[in-house]
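Chains, contacts and geometry: an overview
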Amino acid sequence: MNTGHVELARAQQDRWEAAYARHPQLHGSEPSEAARWAAEAFGAAGIDDVLELGAGHGRDALYLAAQGFSVHATDFSETALDQLRQHAQRAGLDDRVTAALHDVRDPLPPADATVNAVFANLLLNMAFSPAELRTLVGEVQRVLRPGGLFVYAVWSADDSCAGSWEAVDDGLSEHDGFVGRFFDRGLVDELSTGWQPVDITPYAEPPRRLWRVAVAKR
Ligand SMILES: C[S@@+](CC[C@H](N)C(=O)[O-])C[C@H]1O[C@@H](n2cnc3c(N)ncnc32)[C@H](O)[C@@H]1O
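First, a word on scope: everything that follows refers to the structure included in this document. Every chain's residues receive numbers from 1 upward, in the order its sequence appears when written. With the structure being a predicted model, the display of local features is reserved for residues of pLDDT at least 70 and the display and counting of side-chain atom pairs for 80 or more, all residues being used for whole-chain, interface and lining totals. Excluded from the side-chain calculations are hydrogens and water; all other atoms, namely the structure's heavy atoms, are used.

**Overview of the packing of aromatic side chains**
Put simply, the rule reads: Any pair of Phe, Tyr and Trp rings, taking the six-membered ring for Trp, is counted once the centres come within 6.5 Å. Such a pair is stacked with planes under 30 degrees apart, edge-to-face with planes over 60 apart, and tilted for the rest. The helix and strand labels rest on DSSP assignments: H or I over at least four residues marks a helix, E over at least two residues marks a strand, and numbering proceeds from the N terminus. Classification of residues uses two cut-offs on accessible area relative to the type maximum, computed with a 1.4 Å probe and protein chains only: under 20% is buried, over 50% is exposed, and between them is partly exposed. Cation placement over rings: the criterion is NZ of Lys or CZ of Arg within 6 Å of the ring centroid and within 35° of the ring normal.
Considering all chains together, one arrives at 8 aromatic pairs under this definition. Their ring planes at 55 degrees and their centres at 4.8 Å tell us that Trp16 and Phe178 sit as a pair that is tilted. On the criterion of sequence distance, the pair formed by Trp16 in helix α1 (residues 6-22) and Phe178 in strand β8 (residues 178-180) is long-range, its members being 162 residues apart. On the basis of relative accessibility, which here comes to 14%, the residue Trp16 falls in the buried class. The ring centre of Phe178 lies 5.3 Å from the NZ or CZ of Arg15, which sits over that ring. It is Arg36 that lies over the ring of Tyr63; its NZ or CZ is 5.7 Å from the centre.

Have a look at this one:
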């Protein structure tokens, strides 16, 4: 694991494990708005396989698989991934969805330039230091083929919670034991440096205000 907020990362992993164990289907069964958008974008680009990071219990992985994509879903919660595998089996989608434990602070497993699309809904706004975020985005760029797409959504600094959560280190905020980051446009633009911007859009998925970011590897 990279150095950074190692203790914080462990505590967050425990927190997510406990949350998924207590509340299976924590994020509901409907896909995120970002996943619906990504399915259109990936389809239009002729992409049929997706690496999903921070997939949770798999509402978006299952949606993408139902749309015909092959999905490799990763998360650092084994409990969430077990739920994902069970849902995929029940839905008859297990031939198109694989799931593997992975902490995105570690290098992404794929070899250089072997992946067509990476999707991450509400992962980058988790408890990462700025250096960890830059490293993660660099890893996504490394594994994508030239022209490959990276679509992600993150909490916006315009969200009403941005002012009310308790500020902790490095621009992170904490509420109820969960730590995350609210992104302003400057941070979105900084992380897009070196990429071909495709779509950067603020939107609402009540009660959250979010950024949806789509960039292509040059
Ligand atoms: C807000 S949830 C979003 C889950 C899913 N993308 C969705 O929209 O339903 C954030 C997810 O990121 C995962 N996560 C947080 N930090 C992670 C890390 N360092 N590596 C891998 N997964 C992580 C959590 O376990 C959790 O499933």
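Now, onward.
**A few points about the pattern of salt bridges**
The criterion, for reference: Throughout this description, the term salt bridge denotes a Lys or Arg side-chain nitrogen within 4 Å of a carboxyl oxygen of Asp or Glu.
Scanning the model with the defined rule gives 13 salt bridges in all. For Asp103, the salt bridge goes to Arg105, with nearest N and O atoms at 3.6 Å. Between Arg212 and Asp199 there is a salt bridge, with the nearest N and O atoms lying 3.0 Å from each other. You can see Arg212 sitting in strand β10 (residues 208-217) and its partner Asp199 sitting in strand β9 (residues 195-205), a full 13 residues away along the chain. Among the charged side chains, a salt-bridge network with shared partners connects Glu78, Asp82 and Arg85.

**Overview of the site of the ligand**
Spelled out, the test is: If a single non-hydrogen atom of a residue is within 4 Å of a molecule or strand, that residue counts as near it. Here a polar contact means two N or O atoms within 3.5 Å. Within protein one must be a hydrogen donor candidate and the other an acceptor candidate, and residues neighboring in sequence count only if both atoms are side-chain atoms. Where accessible areas are quoted, they stem from the Shrake-Rupley method and a 1.4 Å probe; at the residue level, only the protein chains shown are allowed to cover. Residues are sorted three ways: Asp, Glu, Lys and Arg are charged, Ala, Val, Leu, Ile, Met, Phe, Trp, Tyr, Cys and Pro are nonpolar, and all the rest, Gly among them, are polar.
Close to the ligand lie 18 residues, the nearest being Tyr20, Gly54, Arg59, Asp75 and Arg105. Within the contact set of the ligand, an oxygen atom lies 2.7 Å away from a side-chain nitrogen or oxygen of Arg59. Within the backbone of Phe76, a nitrogen or oxygen atom sits 3.3 Å from a nitrogen atom of the ligand. Computed on the free molecule, the ligand has an accessible area of 600 Å², of which 97% lies beneath the protein chains in the complex. Here the residues of the shell around the ligand sort into 9 nonpolar, 5 polar and 4 charged.

**Some points on the side chain of Ser32**
The cut-off we apply is this: Only heavy atoms matter for contacts: two residues are in contact if any of them lie within 4.5 Å across the pair.
Looking at the secondary structure, you find Ser32 in the loop between α1 and α2 (33-44). In this structure, Ser32 is in contact with Arg59, Asp60, Phe119, Asn121 and Glu205, ignoring residues within four places of it in sequence.

**Here's the deal with α2**
Counted only if it meets this: Between the first and last residue of a helix there are one fewer steps than residues, each counted as 1.5 Å, and that sum is the expected span.
With 12 residues, α2 should reach 16 Å at 1.5 Å per residue; the first-to-last C-alpha distance of 17 Å fits that figure. Listed as buried for α2 are Ala34, Ala35, Ala38, Ala39, Ala41 and Phe42. Residues of α2 that are buried in the fold lie against β1 (49-53), α3 (59-66), β4 (115-121), β5 (144-155) and β9. Directly beyond the C-terminal end of α2, a positive phi value near 75 degrees is found at Gly46.

By themselves, these observations are geometric and do not establish any function.
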